[in-house]
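Each chain, written out:
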2 protein chains.
Amino acid sequence: MTQPRRRSEATYTGLRCRECGHPYEATAHHVCSEVCFGPLEVVYDMERIKARVSRAAIEAGPLSIWRYRDFLPVDHDPIDVGTGLTPLLRANRLARRLGLKRLYIKNDGVNMPTLSFKDRVVSVALTRARELGFTTVSCASTGNLANSTAAIASHAGMRCCVFIPADLEAGKVLGTLVYNPTLMAVEGNYDQVNRLCCEVANSHGWGFVNINLRPYYSEGSKTLAFEVAEQLGWRLPDHVVAPLASGSLYTKICKGFREFVEAGLVEEKPIRFSGAQAEGCSPIAQAFDAGRDFIAPVKPDTIAKSIAIGNPADGLYALDVARQSGGSITAVSDAEIVSAIKLLAETEGIFTETAGGTTIAVLKKLAESGKIHPDETTVAYITGNGLKTAEAVNDVVGAPFRIDARLDSFNQAWAKASGQTTAGTSPAT
Amino acid sequence: MTQPRRRSEATYTGLRCRECGHPYEATAHHVCSEVCFGPLEVVYDMERIKARVSRAAIEAGPLSIWRYRDFLPVDHDPIDVGTGLTPLLRANRLARRLGLKRLYIKNDGVNMPTLSFKDRVVSVALTRARELGFTTVSCASTGNLANSTAAIASHAGMRCCVFIPADLEAGKVLGTLVYNPTLMAVEGNYDQVNRLCCEVANSHGWGFVNINLRPYYSEGSKTLAFEVAEQLGWRLPDHVVAPLASGSLYTKICKGFREFVEAGLVEEKPIRFSGAQAEGCSPIAQAFDAGRDFIAPVKPDTIAKSIAIGNPADGLYALDVARQSGGSITAVSDAEIVSAIKLLAETEGIFTETAGGTTIAVLKKLAESGKIHPDETTVAYITGNGLKTAEAVNDVVGAPFRIDARLDSFNQAWAKASGQTTAGTSPAT
């Protein structure tokens, strides 16, 4: 084991309020309690970062998000379970379908350990939780975060209690329980779960990754930008499409690209940021469409449960990013989401959950309406794996041909399959 | 696009019979049809490989199995969907439970695109299939191979028809159908499916990844050795534990380490190879125990369906590897498999399918019986993701506490959870 890195080597200096700038110590604290109740964010010493980082040093680093450690708010050796460095796939067949020329899919559906981008933010949050002395960690989750918090807490040997809405998909419940946390299924939607968790955070003194540890946690999403820039050969994309739940992921991707520019790792250029929501929970898209400067909370009703946050904490910041970058925030129906899951699977061999379906459905809409230019280097972020929300496509993928283990039985079925208009599956014979 | 690499740059020269050495052209052919009906294998020009490879060149290569391209039997630009370079996790908490000191988990449960090691072999097989002019590809599968063949064929735009036993897990059926291949669910076990596929291969002229393309396909498993050696800092482990189905993966891991030694990339040292089977389908373990030189086929009856091959094609070669390396081949019960899935999840945050549970159960048995020395650097291969075989653990992970969105409701449940002997879940309240 190497010696723990001393705090003085860290590149961040503390927290500050995002609204009024009031400074805070780097403790477990997320709200500007002394002045304006704005959200807190991490402050970095960019000169120190610039003095330390280089393309070569990053390339020689670990095969995980921790190769970007100098951009992350931790003091000591991180909890590195191999999270990150997920594939960036050149998606030529999907691009042709959509009339695009340079399309890439960033696939966090194969992220380590729990197959969603949440493994990034949780790796950072639990590292910081350990540094701050927490022994019990927790979260309010729509599913993916519960999976990730429970899994990484297991690896780190931390006690874990997680909260989910009671109506989650079976795959997400099982994919949490297997790690043996204490799991609380709350009668209510995510926003109600979140409110309860704020009370628990206050009364029990636990480290909630997305509440009192939120300033650290949310920084983990920047690695989705860092990796894309590195994987594009140290270049920025022209256009990004990402899903919006709280709005944090979307804004942090923007921040990540900006920090890489500031650190001199990539050349600056304009990037347009397009956001994706499900119509059944689209408070940010509605505000964007209406040209409003406030978010009107909604009650979620969509199959895209992992992004069903009716009262999004970072909604206003997301609106800013969309407007200032010349992007947009678009909502799609549940039927479009399911079609898009199938489209991505059939053209590129990537099976994503409903949040990814939302992203691809919006990508399709933007491409078809000319809002993405064919020549733009476009990156669509797939944030979770399709096996977690199997219910969403179970009824629409058809069924296998059932045959006997004889050549004539196969030949009959194959003739039937070949006679169909698609090469695809059919109802069971 | 770069120019296709010319054949003359390939490092392999053809095929030969593994038994009698008779040479064959590098076509779609897997059996020594001219002499002895032995299996065919790829022949390399090791001098050419040695002249070309270096640690630095590999490290600068793609973030996928194709960084080891010089060790793989392809001519032109490969189908690179980002497969491989999966995390090698230092598993200290599991190690402590088992009384070991240097334990690593190689986790192909997060492999791209379909969460199993099969993505490696299929990437190689479909690349070669395309080079050989096949437009329809196929396989006989216990599930993971069907997922992978369907997915990568989608990305490559190849027509795909896959065969599975009709009783597979729902996750594996859905995880194939979503890519829209033609899926044949055969009434019978894997060995019957395989026999049918041999007939189809002969009569339809398709590229079957694990039949007529098998010599190429199986080479993909060597990358599981290459990656571990690189990730250990260009060193070999002392002990390897891997699951056995046909026996191909296990023998190819051994071959991969040997080739790295021959190429001068790592220093030679003895490695012990231990194999894992489920008691309900353990023909190779039975032969090992009995000291037999032949495999008596069995009829599979185990929850570990992905490794339930009753008549394993490479069983004898696997026996040789176990015996010559001082390893063993061990069988475990379905109950031990389920416990091991939970053990790995609870200690390391990795959720594996039944095949991985088999591997960890055997690892546990070997550690407890002293057959793995505590100081050995041991690598256990996790070959697939737990979400694919959710059924296996559904009944044993407990259920969430169901609570109202109020602090008192939570506090009651938490008191109950804390009063339990484990910190874990309980039946629904």
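Residues numbered from 1 in each chain as written. Chains lettered and ligands numbered in written order. Predicted model: local features only at pLDDT ≥ 70, side-chain atom pairs only at ≥ 80, totals over all residues. Heavy atoms only, no water.

**Concerning the relation of the copies chain B and chain A**
At step 1: Superposing chain B onto chain A requires a rotation of 180° together with a translation of 0.0 Å along the rotation axis, leaving an RMSD of 0.0 Å. Such a turn and shift between the copies fits a two-fold axis. Within chain B, the C-alpha atom positioned nearest to the axis of rotation is that of valine 110 of chain B, 2.5 Å from it.
At step 2: Most of the interface of chain B is mirrored in chain A, where 100% of its interface residues are also at the interface. (Least-squares fit on C-alpha atoms with pLDDT ≥ 70 in both. Contact = heavy atoms within 4.5 Å.)

**A few points about the packing of aromatic side chains**
At step 1: Summed over all chains, the structure comprises 28 aromatic pairs over all chains.
At step 2: Ring geometry for tryptophan 414 of chain A versus tryptophan 206 of chain B: centroids 4.7 Å apart, planes at 70°, classification edge-to-face. Taken together, the residues span two chains, with tryptophan 414 of chain A in helix H16 (residues 407–419) and tryptophan 206 of chain B in the loop between helix H7 (190–204) and strand S9 (207–208). Residues tryptophan 414 of chain A and tryptophan 206 of chain B agree in their burial class; the two are buried. (Phe/Tyr/Trp six-rings, centres within 6.5 Å; stacked < 30°, edge-to-face > 60°. Helix = DSSP H or I, 4+ residues; strand = E, 2+ residues; numbered from the N terminus. Buried < 20%, exposed > 50% of the residue type's maximum accessible area, 1.4 Å probe, protein only.)

**Quick look at helix H16 (residues 407–419) of chain B**
At step 1: Taking 1.5 Å as the rise per residue, H16 of chain B with 13 residues should run 18 Å; its terminal C-alpha atoms sit 18 Å apart, in good agreement.
At step 2: Along H16 of chain B, the positions that sit buried rather than exposed are Ser409, Phe410, Ala413, Trp414 and Ala417 of chain B. Along the axis of H16 of chain B, the buried positions cluster into a sector of 130°, meaning they face one direction only. Along H16 of chain B, the residues that are exposed and aim more than 90 degrees away from the buried face are Gln412, Ala415 and Gly419 of chain B.
At step 3: On its buried side, H16 of chain B packs onto strand S7 (159–165), strand S8 (182–187) and helix H7 (190–204) of chain A together with strand S14 (401–404) of chain B. (Expected span 1.5 Å × (residues − 1). Arc of directions from axis to C-beta.)

**A short note on the packing of helix H10 (residues 248–262) of chain B against helix H12 (residues 315–325) of chain B**
In a pair of packed helices, the angle between the axes and the distance between the axes together describe the arrangement.
Residues and elements named next belong to chain B.
At step 1: The geometry of H10 relative to H12 is characterised by a closest axis approach of 8 Å and an angle of 50° between their N-to-C directions. By the criterion of interaxial angle, the relationship of H10 to H12 is oblique. Like other packed secondary-structure pairs, H10 and H12 cross with a definite hand, here left-handed. Contacts from Tyr250, Thr251 and Cys254 of H10 reach H12 at Tyr317, Ala318, Val321 and Ala322.
At step 2: Its residues assigned to classes, the contact of H10 with H12 shows six nonpolar, one polar and no charged. (Axes fitted to C-alpha atoms, helices over the stretch in contact; angles between N-to-C directions. Parallel < 35°, antiparallel > 145°, perpendicular 65-115°, else oblique. Left-handed = near helix turned anticlockwise from the far one by under 90°. Nonpolar A, V, L, I, M, F, W, Y, C, P; charged D, E, K, R; others polar.)

**Side note on the sheet that holds strand S1 (residues 12–17) of chain A**
All names here are of chain A.
At step 1: Within the open sheet, the three strands sit side by side as S2-S1-S3. Their pairing is antiparallel. Where the open sheet ends on each side, the last strands, each with one partner, are strand S2 (23–24) and strand S3 (40–44).
At step 2: As defined by bridge partners, S1 adjoins S3 across five bridges and the pair is classed as antiparallel. Counted as the bridge partner of leucine 15 is valine 42 from S3. (Pairing = 2+ DSSP bridges.)

**With respect to the domain arrangement of chain A**
Residue and element names in this part refer to chain A.
At step 1: Along its sequence, chain A is carved into domain 1 (86–112 + 215–390) and domain 2 (117–212).
At step 2: For domain 1 and domain 2, the distance between their C-alpha centres works out to 24 Å.
At step 3: Opposite the 28 residues of domain 1 that make contact, domain 2 presents 25 residues.
At step 4: Carbon and sulfur atoms make up 52% of the surface buried where domain 1 meets domain 2, a total of about 2200 Å² over both sides.
At step 5: For arginine 120, the salt bridge is made with glutamate 227, and the minimal N-O distance between the two is 2.8 Å.
At step 6: Counting every contact that joins domain 1 to domain 2 gives 14 residue pairs in polar contact (both at pLDDT 80 or more).
At step 7: Sorting the residues of the side of domain 1 that touches domain 2 by element identifies helix H8 (214–219) and helix H9 (223–231) as the ones contributing at least two each.
At step 8: Among the elements that line the side of domain 1 that touches domain 2, the one with the most residues is H8, at four residues. (Domains from an automatic or database assignment. Buried area = accessible area lost by both parts, 1.4 Å probe. Salt bridge = Lys/Arg side-chain N within 4 Å of Asp/Glu carboxyl O. Polar contact = N/O pair within 3.5 Å; in protein donor to acceptor, adjacent residues only side chain to side chain.)

**Things to note about the UniProt feature "binding site: pyridoxal 5'-phosphate" (unreviewed entry) in chain A**
All names here are of chain A.
At step 1: The positions UniProt marks with the feature "binding site: pyridoxal 5'-phosphate" (unreviewed entry) are Asn144 and Thr383. Spanning 240 residues, the annotated positions come together in the fold, the maximum distance between their C-alpha atoms being 9.5 Å.
At step 2: Here asparagine 144 lies in helix H5 (residues 144–156).
At step 3: For asparagine 144, a relative accessible area of 5% translates into the label buried.
At step 4: For threonine 383, the position within the fold is in the loop between strand S13 (377–382) and helix H15 (391–394).
At step 5: For threonine 383, the residues in contact, after removing those within four places along its chain, are Asp108, Leu115, Ser116, Phe117, Pro243, Leu249 and Ala355. (UniProt positions renumbered as here; feature names shortened; annotations may be inferred.)

**Description of the pairing of strand S11 (residues 272–278) of chain B**
Residues and elements named next belong to chain B.
At step 1: Most of S11 is tucked away, with six of its seven residues classed as buried.
At step 2: Pairing geometry for strand S10 (residues 239–243) and S11, over five bridges, is parallel. Bridged to alanine 242 within S11 is glycine 275.
At step 3: Taken together, S10, H10 and S11 form a β-α-β motif whose crossover is right-handed.
At step 4: Of the pairings in the sheet, the one linking S11 to strand S12 (residues 328–332) comprises five bridges and is parallel in character. Residue pairing for S12: glycine 275 is matched across the bridge by isoleucine 329. (Right-handed = clockwise from strand over helix to strand, strands pointing away.)

**What to know about the interface of chain B and chain A**
At step 1: Listed per partner, the contact involves 81 residues of chain B and 82 residues of chain A.
At step 2: Of all residues in chain B, Leu174, Leu387 and Trp414 of chain B give up the largest surface area on contact with chain A, accounting jointly for 10% of the area buried on that side.
At step 3: In this structure, the connection of chain B to chain A is made through two salt bridges.
At step 4: For the salt bridge of glutamate 187 of chain B with arginine 402 of chain A, the shortest nitrogen-to-oxygen distance reads 3.1 Å.
At step 5: At the boundary of chain B with chain A, the tally comes to 20 residue pairs in polar contact (both at pLDDT 80 or more).

**Some words on helix H4 (residues 118–131) of chain B**
All names here are of chain B.
At step 1: With 14 residues, H4 should cover 20 Å at 1.5 Å per step; its first-to-last C-alpha distance of 20 Å lies within 8% of that length.
At step 2: Those residues of H4 that fall on the buried side of the exposure criterion are Lys118, Asp119, Arg120, Val121, Val122, Ser123, Val124, Ala125, Leu126, Thr127, Arg128 and Ala129.
At step 3: Just beyond H4, the residue with positive phi is glycine 133, at close to 90°.

**Brief notes about the sheet that holds strand S6 (residues 136–140) of chain B**
At step 1: Here we have five strands laid out as an open sheet, ordered S14(A)-S8(B)-S7(B)-S6(B)-S9(B), and parallel in their pairing. Strands at the two margins of the open sheet, each flanked by one partner only, are strand S14 (401–404) of chain A together with S9 of chain B.
At step 2: Of the strand pairs in this sheet, S6 of chain B and S9 of chain B are connected by two bridges, and their pairing is parallel. Note on S9 of chain B: the bridge partner recorded for serine 138 of chain B is phenylalanine 208 of chain B.
At step 3: Against the sheet, H7 of chain B makes contact with S14 of chain A together with S6, strand S7 (159–165), strand S8 (182–187) and S9 of chain B, and its axis sits at roughly 150° relative to S7 of chain B, the strand it touches most.

**Topic: the pattern of salt bridges**
Opposite charge on two side chains makes pairing possible when the charged atoms of those side chains draw close.
Residue and element names in this part refer to chain A.
At step 1: If you walk through the whole model with that rule in mind, you get 56 salt bridges over all chains.
At step 2: Ionic pairing is found between lysine 252 and glutamate 219, a salt bridge with its closest N-O pair at 2.6 Å. One end of the pair, lysine 252, is in helix H10 (residues 248–262); the other, glutamate 219, is in helix H8, with 33 residues separating them in the sequence.
At step 3: For lysine 252, a relative accessible area of 6% translates into the label buried.

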